[in-house]
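Listed below are the residues making up each chain.
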Amino acid sequence: MSTTVERLSERSAEEVNEEIRALWLRSGGTLSVEQREEYQRLVMEWAAAVPQPVEAA
């Protein structure tokens, strides 16, 4: 499996992070081999995600 990111994610880091959290909740805290592969893919997508601009308060 390649660890290089070829393109930026079309989703925001926040969206991908929510999917990562949901994966951990569904797994009960222990990832199967398939879930670990999904987690690795999601982390790579999260790292490549376009940062959302910070809104001024």
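Residues numbered from 1 in each chain as written. Predicted model: local features only at pLDDT ≥ 70, side-chain atom pairs only at ≥ 80, totals over all residues. Heavy atoms only, no water.

Caption draft 1: Fine view of helix 1 (residues 13–27). With 15 residues, helix 1 extends 21 Å between its outermost C-alpha atoms, agreeing within 8% with the 21 Å of an ideal straight helix rising 1.5 Å per residue. Among the residues of helix 1, those classed as buried are Val 16, Ile 20, Leu 23 and Ser 27. Axial view of helix 1: buried residues confined to an arc of 55°, hence all on one face. Helix 1 presents Glu 14, Arg 21, Leu 25 and Arg 26 as exposed residues on the side facing more than 90 degrees away from its buried surface. Phi for Gly 28, located one or two positions after helix 1, is positive at around 75°. (Helix = DSSP H or I, 4+ residues; strand = E, 2+ residues; numbered from the N terminus. Expected span 1.5 Å × (residues − 1). Buried < 20%, exposed > 50% of the residue type's maximum accessible area, 1.4 Å probe, protein only. Arc of directions from axis to C-beta.)

Caption draft 2: View of helix 2 (residues 33–48). With 16 residues, helix 2 extends 23 Å from end C-alpha to end C-alpha; this agrees with the ideal 22 Å at 1.5 Å per step. Here helix 2 has its buried residues at Leu 42, Glu 45 and Ala 48. One side of helix 2 carries all its buried residues, which in axial view fall inside an arc of 125°. With respect to the buried face of helix 2, the exposed residues turned more than 90 degrees away are Val 33 and Ala 47.

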